[in-house]
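What the coordinates show
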Amino acid sequence: MTKTPADLRSARWFAPDDLRSFGHRSRMMQLGYGEDDYCDKPIIGILNTWSELNTCHSHFRERVVDVKRGVAQAGGFGVEMPALSVDESFTKPTSMLYRNMLAMETEEMIRSHPLDGVVLMGGCDKTTPGLVMGALSAGVPLIYLPAGPMLRGNYAGRILGSGSDAWKYWDERRAGNISDAEWLGLQGGIARSAGTCMTMGTASTMTAIADAMGITLPGASSIPAVDSGHQRMASSCGRRIVEMVWEDLTPEKIVTQAACRNAAVVAMATGCSTNAVVHLIAMARRAGVNLTLDDLDALGRATPLIANVRPSGKDYLMEDFYYAGGLRALMKQIDDLLDTTCLTVTGKTMGENLEGAVVYNDDVIRPLSNPVYGEGSLAVLRGNLCPDGAVIKPAACDPKYYNHEGPALVFDSYPEMKKAVDDEDLDITPDTVMVLRNAGPQGGPGMPEWGMLPIPKALIKQGYRDMLRISDARMSGTSYGACVLHVAPESYIGGPLALLNTGDIVRLDLDARRLDMLVDEDELAQRRAAWTAPDKRFERGYGYMFSKHVTQADKGCDFDFLEAEFGRTAGEPDIY
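These lines cover the structure that appears in this document, whether it is placed above or below. (Residues numbered from 1 in each chain as written. Predicted model: local features only at pLDDT ≥ 70, side-chain atom pairs only at ≥ 80, totals over all residues. Heavy atoms only, no water.)

1. A few points about the overall build of the chain
- Of regular secondary structure, the chain possesses 20 helices and 14 strands.
- In terms of overall size, the chain behaves like a compact globule, its C-alpha atoms giving a radius of gyration of 24 Å where 576 residues would be expected to give roughly 25 Å.
- For the chain, the spread of C-alpha atoms along the three principal axes comes to 80 × 55 × 45 Å.
- Evaluated residue by residue, the chain yields a buried proportion of 59% over its 576 residues.
- As displayed, the chain has an accessible area near 21,900 Å², and 50% of this comes from carbon and sulfur atoms.
- The centroid of the 57 positive side-chain charges in the chain is displaced by 3 Å from the centroid of its 75 negative side-chain charges. (Helix = DSSP H or I, 4+ residues; strand = E, 2+ residues; numbered from the N terminus. Rg over C-alpha atoms; globule rule 2.2 N^0.38 Å. Buried < 20%, exposed > 50% of the residue type's maximum accessible area, 1.4 Å probe, protein only. Areas by Shrake-Rupley, 256 points an atom, 1.4 Å probe, with all protein chains shown as cover. Lys, Arg positive; Asp, Glu negative; His and termini not counted. Charge placed at Lys NZ, Arg CZ, Asp CG, Glu CD.)

2. With respect to the pattern of salt bridges
- Evaluation of the coordinates by the stated rule reveals 42 salt bridges.
- Residues Arg 69 and Asp 66 are paired through a salt bridge, measuring 3.1 Å at the closest nitrogen-oxygen approach. Separated by three residues within a single helix, Arg 69 and Asp 66 lie in helix α4 (residues 60–73), roughly one turn from each other.
- The exposure class of Arg 69 is partly exposed, given its relative accessible area of 38%. (Salt bridge = Lys/Arg side-chain N within 4 Å of Asp/Glu carboxyl O.)

3. Quick word on the state of the cysteines
- Using the criterion set out here, one finds zero disulfides in the structure.
- You can see Cys 272 has no disulfide; the closest cysteine sulfur is in Cys 397, sitting 14 Å from it.
- Judged by relative accessible area, Cys 272 falls into the buried class, the value being 2%.
- Free of any disulfide, Cys 557 has its nearest neighbouring cysteine sulfur in Cys 386, separated by 15 Å. (Disulfide = S-S within 2.5 Å.)

4. A few points about the environment of Met 109
- Mapping Met 109 onto the fold places it in helix α5 (residues 99–112).
- You can call Met 109 buried: its relative accessible area is 10%.
- C-alpha separation for the pair Met 109 and Leu 47, spaced 62 residues apart in sequence, amounts to 9.2 Å.
- With sequence-adjacent residues up to four places away left out, Met 109 is seen in contact with Leu 47, Met 81, Pro 82, Ala 83 and Leu 115. (Contact = heavy atoms within 4.5 Å.)

5. Re the sheet that holds strand β10 (residues 433–436)
- What the eight strands build is an open sheet, ordered β7-β8-β12-β11-β10-β9-β13-β14; its pairing is mixed. Unpaired on one side and paired on the other, β7 (379–381) and β14 (514–517) mark the two borders of the sheet. Neighbour-to-neighbour, the strand axes of the sheet open up by a mean angle of 30 degrees, direction not taken into account.
- The sheet contact formed by strand β13 (residues 505–509) and β14 spans four bridges and is antiparallel. Its bridge partner lying in β14, Asp 509 is registered against Arg 514. (Pairing = 2+ DSSP bridges. Axes fitted to C-alpha atoms, helices over the stretch in contact; angles between N-to-C directions.)

6. Re the sheet that holds strand β4 (residues 142–146)
- Strand order in the open sheet made by the four strands is β2-β1-β3-β4, with parallel pairing throughout. Each edge of the open sheet is held by one strand with a lone partner, namely β2 (77–82) and β4. Strand-to-strand twist across the sheet, computed as the mean angle between neighbouring axes with direction ignored, equals 20 degrees.
- When strand β1 (residues 43–48) meets β2, the two strands line up parallel, connected through six bridges. Bridged to Asn 48 within β2 is Pro 82.
- Along the sheet, α4 makes contact with β1, β2, β3 (117–122) and β4, crossing β2 at roughly 155 degrees.

7. Focus: helix α13 (residues 293–302)
- Within α13 the residues assigned to the buried category are Leu 293, Leu 296, Asp 297, Leu 299 and Gly 300. For α13, the arc enclosing every buried residue in end-on projection is 165 degrees, short of the 170-degree limit, so these residues lie on one face.
- The inward-facing, buried residues of α13 contact α11 (257–270), α12 (275–286), β7 and β8 (389–392). (Arc of directions from axis to C-beta.)

8. With respect to the nonpolar core
- Judged by nonpolar contacts, the single largest core of 108 residues is most densely connected at Met 213, Ile 215 and Leu 330.
- The element best represented in this core is α11, accounting for nine residues.
- With residues near it in sequence (within four places) discarded, Met 213 still touches Ile 254, Val 255, Ala 259, Cys 260, Ala 263, Leu 280 and Met 283.
- By size, the runner-up hydrophobic cluster in this structure holds 49 residues, among which are Phe 411, Val 435, Ala 439 and Ile 470. (Core = buried A, V, L, I, M, F, W, Y, C linked by side-chain atoms within 4.5 Å.)

9. Notes on the packing of helix α9 (residues 202–213) against α11
- Relative to each other, α9 and α11 sit at 140 degrees, their axes nearing to 8 Å. The angle between α9 and α11 falls in the class oblique. Note that α9 runs across α11; the crossing there is right-handed. In contact with Ile 209, Ala 212 and Met 213 of α9, α11 contributes Ala 259, Cys 260, Asn 262, Ala 263, Val 266 and Ala 267.
- For the contact of α9 with α11, the residue count by class is eight nonpolar, one polar and no charged. (Parallel < 35°, antiparallel > 145°, perpendicular 65-115°, else oblique. Left-handed = near helix turned anticlockwise from the far one by under 90°. Nonpolar A, V, L, I, M, F, W, Y, C, P; charged D, E, K, R; others polar.)

10. Examining the packing of aromatic side chains
- With the rule as written, the count across this model stands at 11 aromatic pairs.
- Between Tyr 322 and Tyr 323, the ring centres sit 5.9 Å apart and the planes meet at 50 degrees, which makes this aromatic pair tilted.
- For Tyr 322, a relative accessible area of 26% translates into the label partly exposed.
- An aromatic cluster of at least three residues, connected via ring pairs, comprises Tyr 98, Tyr 542, Phe 546, Phe 559 and Phe 561.
- The ring of Trp 13 carries Arg 12 above its face, with NZ or CZ at 5.9 Å from the centroid. (Phe/Tyr/Trp six-rings, centres within 6.5 Å; stacked < 30°, edge-to-face > 60°. Lys NZ or Arg CZ within 6 Å of the ring centre and 35° of its normal.)

11. Some remarks on the environment of Met 101
- Among the secondary structure elements, Met 101 is positioned in helix α5.
- The partly exposed category is assigned to Met 101, whose relative accessible area is 29%.
- Sequence separation between Met 101 and Gly 134 is 33 residues; the distance between their C-alpha atoms is 9.4 Å.

12. Quick look at the side chain of Arg 310
- Note that Arg 310 resides in the loop between α13 and α14 (318–323).
- Judged by its relative accessible area of 15%, Arg 310 is buried.
- Apart from the residues lying within four places of it in its own chain, the contact partners of Arg 310 are Ile 159, Leu 160, Gly 161, Ser 164, Asp 165, Thr 199, Met 200, Asp 315, Tyr 316 and Leu 317.

Right, dumping it as structure tokens:
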């Protein structure tokens with residue numbers, strides 16, 4: 001279908017010759033615009049998650065100008081719309097608490113304004129799923145503009161990776177191996193430009209997922225934030241979204257079951273963040289696709305990890321990945337595993353978009369014959385500790401923990417755990433299984449990134465740098481180690497993790513995808529009967545609504561009333 005000016009959604013605001021149109025046109029004149037600026041043109045909302053505290057998006061002020069230029073070149077009218085800037089660095093207790101707020105804001109902002117299509121400007125961890133979830137529910141043509149990774153870090157001749165090296169060198173500082181001057185140098189060298197974390201953390205994972213889903217321009221997710229190609233890509237987004245409006249290329253034609261499967265396969269091949277599980281499930285469910293943990297585990301078993309990018313890889317960062325050919329080259333390597341007939345925002349199929357993609361460095365983007373890891377990035381566990389599932393990243397932990405048995409050391413809060421790990425006389429061995437609970441969607445609240453529990457000083461000084469850790473929290477996508485995360489149902493609502501006691505034996509069997517506490521059912525029944533619910537986290541406000549409606553990790557942590565299956569989406573607003 002090709003639209004005419006009369007078919008534009010914005011025409012409901014501006015086309016009729018009546019008092020309501022008079023008011024809208026008058027206010028546009030008040031803003032300094034004449035009718036020739038916007039009448040009979042697609043009005044494009046540019047949803048910008050810039051803020052002065054969002055380091056990942058510090059270049060977005062300039063990128064809005066680039067997008068507007070593209071919109072104008074294609075004959076559209078671009079308007080910037082500020083959106084909630086949920087950055088991972090400064091938003092506490094976690095930006096995950098506010099992902100759904102961004103999604104709600106995005107959906108309602110689009111629905112309530114005269115917008116024919118939208119460019120979604122995001123990148124920092126939760127902005128990608130938040131923006132996309134909301135825009136999928138709103139249903140107008142969309143294109144996602146990823147912020148792009150920052151430049152690789154550098155200090156004293158050492159290449160530094162976001163997050164990953166922070167954890168690494170923090171352990172060394174706790175062991176007394178790093179001076180104050182070196183620590184200050186590392187702080188300044190690890191983040192040197194605008195952009196998202198340059199490891200394959202949550203930000204790069206989620207923009208790659210958007211790319212593979214078909215809602216970015218091909219390969220856009222790989223372009224570094226400060227590369228001039230990023231400016232050109234931004235302008236191209238502006239031009240393309242205008243064309244998409246005329247073509248009536250709406251998201252339900254792009255974000256299909258096959259597209260969500262493609263996104264999952266690509267995520268596994270990149271060495272994705274564990275957070276991909278929660279966000280991809282939530283995004284899919286907004287599109288009416290029932291993607292499950294078992295689906296993701298099956299895809300992980302069949303998809304080799306071929307991106308040699310930290311933390312799952314050993315040697316390279318996102319800048320190297322871009323120079324090696326970027327996501328298009330990786331997708332070309334695994335195109336036999338993808339449904340390349342899927343439609344994308346270009347109006348072409350994925351297969352057409354991948355034509356001519358080349359790998360320029362086959363140590364960064366490996367061939368299938370030489371993967372970084374034989375299976376995908378993530379594995380899903382089940383068992384009496386996690387009947388609804390838990391997630392582990394085998395490629396980023398010591399293989400000796402793939403099959404492990406040890407006594408639990410259980411903590412009910414982060415401060416309790418932090419005090420213990422700093423105790424050099426803590427009674428602990430490398431076989432101990434550290435457990436943090438009450439850190440899930442409701443317990444955290446918001447499921448904060450606390451799951452990569454610090455290695456206790458008592459073990460660090462003996463030279464240990466990994467151990468099995470379990471939590472209903474998440475961890476940063478830049479993290480690594482033998483961490484079992486997203487335990488569902490969470491302990492705060494009475495999940496089995498709430499019944500685990502210090503000293504209980506825990507068994508992980510990765511091959512069998514099992515995580516169990518070796519406690520008999522009669523004992524567990526007694527503990528369950530004695531369990532009492534913790535105090536409420538919230539008694540009013542947004543947090544109260546969050547607690548009432550957030551789903552568990554295995555369902556994506558969306559609000560139950562926002563999922564596509566909950567009910568009919570609101571129609572167009574009344575205009576009188």
